[in-house]
Amino acid sequence: MAVRKEKNGLRLLIAVGVAVFLAQAAAAQKTVSFPTEDGGVVFADVYGTSDRAIVLAHGGRFNKENWAEQARALVAAGFEVLAIDFRGYGKSHGPGDKAPMDAPLELDVLAAVRYLHQNGAKTVSIIGGSMGGGAAGDASIASKPGEIDRLILLGAAPNGPPEKLKSPILIIVARDDTSGDGPRLPGIQKQFDKAPQPKELIVLDGSAHAQYLFQTDQGKRVMQEILRFLSAK
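Now for a look at the structure at hand. (Residues numbered from 1 in each chain as written. Predicted model: local features only at pLDDT ≥ 70, side-chain atom pairs only at ≥ 80, totals over all residues. Heavy atoms only, no water.)

1. Here's the deal with helix H2 (residues 68–76)
Since there are 3.6 residues in each turn of an α-helix, residues three or four apart along the chain are aligned in direction. Listed in full, the buried residues belonging to H2 are Ala68, Gln70, Ala71, Leu74 and Val75. Around the axis of H2, the buried residues are gathered within 160° of arc, so they sit on the same side. Gly78, located one to two residues past H2, shows a positive phi value of around 105°. (Buried < 20%, exposed > 50% of the residue type's maximum accessible area, 1.4 Å probe, protein only. Helix = DSSP H or I, 4+ residues; strand = E, 2+ residues; numbered from the N terminus. Arc of directions from axis to C-beta.)

This is the structure:
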């Protein structure tokens, strides 16, 4: 009976500890802002504290708040997370913000990367979905060597010349992901083939696009692949 009580007590302590950790991760969130090099201002949510940091760059139908669940999973894995609103979303603004798809969004991503470095991050990686993935790829192309540690694109590829990428890249895309112009995979495959090593392409079953992958039964695998890639030596 005493052994059973000890086990139950241990389980309770573990459960309380996990609950406290999750509460602290949620409570650690704050909103910051910083300038872009072309005169814009980016607003972003910060989760956790670490010298290993991640920028989360949303797709066209999302915003910084939509990353909350993934941000907390990344914090639990030991990262600081900065989820940005692109210009034209939330309070973020800058040249071209009336038509963000045509704006220089890579400057918003680079501003986020540099903000993290200026505030103590030793490594900064980027996870971008759809529109944010293209911007993340272009940020790597425009970055200084060593500024961006790793690059993860969901349902996306760089808009610019992929052979100029300066970061190891992981692309995750659903096989039947389709836009108004047709299947996305052939174009993504073409860009991926031109990218320098190291690089990985993971093609999943289904048709979910970019951040919508997290809402499918493969969402857990997507996060596992992200954490594996970020933690690889």
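2. Re the layout of surface pockets
Its boundaries defined by the atoms lining it, the largest pocket holds a volume of some 770 Å³. Looking at which element gives the most residues to the lining of the largest pocket, the answer is helix H4 (residues 131–142), with 4 residues. Counted by class, the lining of the largest pocket contains 14 nonpolar, 12 polar and 5 charged residues. (1 Å grid on protein atoms, 1.4 Å probe; cavity = no way out; pocket = protein on both sides within 12 Å on 5 of 7 lines; lining within 4 Å. Points joined across faces, edges and corners; volume = space filled by probe spheres on them. Nonpolar A, V, L, I, M, F, W, Y, C, P; charged D, E, K, R; others polar.)

3. Observations regarding unusual backbone geometry
The amide bond that connects Gln197 to the next residue, Pro198, takes the cis arrangement and shows omega of -5°. Tracing the backbone through its elements, the reader meets Pro198 in the loop between helix H5 (185–194) and strand E10 (199–204). Residue Ser130 is not a glycine yet carries a positive backbone phi of 55°. Take Ser130: it is sitting in the loop between strand E5 (123–129) and H4. Here Ser130 falls in the partly exposed class, since its relative accessible area comes to 22%. Phi at Ala210 is positive, roughly 50°, even though this residue is not glycine. As for its placement among the helices and strands, Ala210 is situated in the loop between E10 and helix H6 (219–231). Residue Ala210 is classed as buried on the basis of its relative accessible area, which comes to 3%.

4. Focus on the side chain of Arg87
In this fold, Arg87 is placed in the loop between strand E4 (80–84) and helix H3 (106–118). Within polar-contact distance, the side chain of Arg87 engages the side chain of Asp38 at 2.8 Å. Within the local environment of Arg87, its side chain forms a polar contact with the side chain of Asp108, the two groups lying 2.7 Å apart. (Polar contact = N/O pair within 3.5 Å; in protein donor to acceptor, adjacent residues only side chain to side chain.)

5. Things to note about the nonpolar core
Ranked by size, the top nonpolar core spans 42 residues in total, and within it Phe34, Leu82, Ile84, Phe86 and Val109 carry the most contacts. It is H3 that provides the largest number of residues to this core, a total of 7 residues. Beyond its immediate sequence surroundings of up to four residues, Phe86 is in contact with Ala57, His58, Ser92, Leu105, Asp108, Val109, Met131, Gly132 and Ala135. Core analysis: the next-biggest nonpolar cluster, separate from the first, contains 28 residues, Tyr47, Ile54, Leu74 and Leu154 among them. (Core = buried A, V, L, I, M, F, W, Y, C linked by side-chain atoms within 4.5 Å. Contact = heavy atoms within 4.5 Å.)

6. A few points about the pattern of salt bridges
Following the criterion strictly, the structure yields 13 salt bridges and no others. We note a salt bridge from Asp108 to Arg87, for which the minimum N-O separation is 2.7 Å. In this pair, Asp108 sits in helix H3 while Arg87 sits in the loop between E4 and H3, placing the two residues 21 residues apart along the sequence. We note that Asp108, like Arg87, is buried. Taken together, the salt bridges that share partners define one network made up of Glu200, Arg221, Glu225 and Arg228. (Salt bridge = Lys/Arg side-chain N within 4 Å of Asp/Glu carboxyl O.)

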